[in-house]
Amino acid sequence: CRGLISAELRVRLLDQDQHAAFSPVLRSSAWMLTHALASLVDEDGEVAIAGFADAVREPDAAAAEVARSLAPPGETLGRGGASGWLPGRSAEDLALRLSYGPTVNVSALAAGDPSSETTVVPAVARARIDLHLVPDQDPEQVVHQLRKHLDIHGFGEVELDVETMLWPAPGV
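Conventions and cut-offs
Residues numbered from 1 in each chain as written. Predicted model: local features only at pLDDT ≥ 70, side-chain atom pairs only at ≥ 80, totals over all residues. Heavy atoms only, no water. Helix = DSSP H or I, 4+ residues; strand = E, 2+ residues; numbered from the N terminus. Buried < 20%, exposed > 50% of the residue type's maximum accessible area, 1.4 Å probe, protein only. Axes fitted to C-alpha atoms, helices over the stretch in contact; angles between N-to-C directions. Left-handed = near helix turned anticlockwise from the far one by under 90°. Contact = heavy atoms within 4.5 Å. Nonpolar A, V, L, I, M, F, W, Y, C, P; charged D, E, K, R; others polar. Pairing = 2+ DSSP bridges.

Draft legend 1. The overall build of the chain, seen in detail. In terms of regular secondary structure, the chain is built from four helices and six strands. For the chain, the α and β elements follow one another from N to C terminus as β-β-α-α-α-β-β-β-α-β. For the chain, the spread of C-alpha atoms along the three principal axes comes to 60 × 40 × 25 Å. Across the 172 residues that make up the chain, the buried fraction comes to 34%.

Draft legend 2. Inspection of the packing of helix H2 (residues 61-68) against helix H3 (residues 91-100) at higher detail. H3 packs onto H2 with a crossing angle of 115 degrees between their chain directions and a minimal axis gap of 7 Å. With respect to the hand of their crossing, H2 and H3 are arranged in right-handed fashion. When H2 is examined against H3, the residues Ala-63, Ala-64, Ala-67 and Arg-68 are found in contact with a partner set consisting of Glu-92, Ala-95, Leu-96, Ser-99 and Tyr-100. A breakdown of the residues in the contact of H2 with H3 according to their chemical character gives six nonpolar, one polar and two charged.

Draft legend 3. Representation of the sheet that holds strand E1 (residues 3-12) in the model. Within the open sheet, the four strands sit side by side as E3-E5-E1-E6. Their pairing is antiparallel. Of all the strands in the sheet, the pair left with one neighbour each is strand E3 (103-111) and strand E6 (159-166). Between one strand axis and the next, the sheet turns by 15 degrees as a mean value, whatever way the strands run. Bridge count between E1 and strand E5 (residues 124-133): ten bridges; the pairing is antiparallel. By the bridge assignment for E5, Ala-7 is matched with Ile-129. Sheet strands in contact with helix H1 (residues 29-38) are E1, E3 and E5, and its direction is about 15 degrees off that of E5. Those strands touched by helix H4 (residues 139-152) are E1, E5 and E6, and its axis lies near 160 degrees from that of E6.

Here is the structure:
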């Protein structure tokens, strides 16, 4: 069973929303949060947080074989029935990744009011992220690594509010 960290990232750079005409001179909570989120993964979607995967072990041969035999979801979940799978990976590799690959996911993202035609620089931007952990990853250590990552990459103003921490089941 995977471990889980569920957290909210929040940026508030202004006291209140401002008219977008002022955007050339104001810092943007939405842009800062967008850049912070993008820094969490590399171009291939692999987690880019230093130390995040240090405790991750390869599964033994029998466990890997069982994992590879699973059918990962997504083959037809893309738009219009196209593949939703990560490109360039076999079904077997994706099945192994599904069982033994730790990840970070953005499950919600908000800034401003998308239903409004009013142009503003939003005061606040929020995102909900979930980090799925595998055996031997310590959620407390991963939270520390996440905070350090944000600080080192210039996102010290991004607030991190951890709401759930579940330890992964032992063993591989």
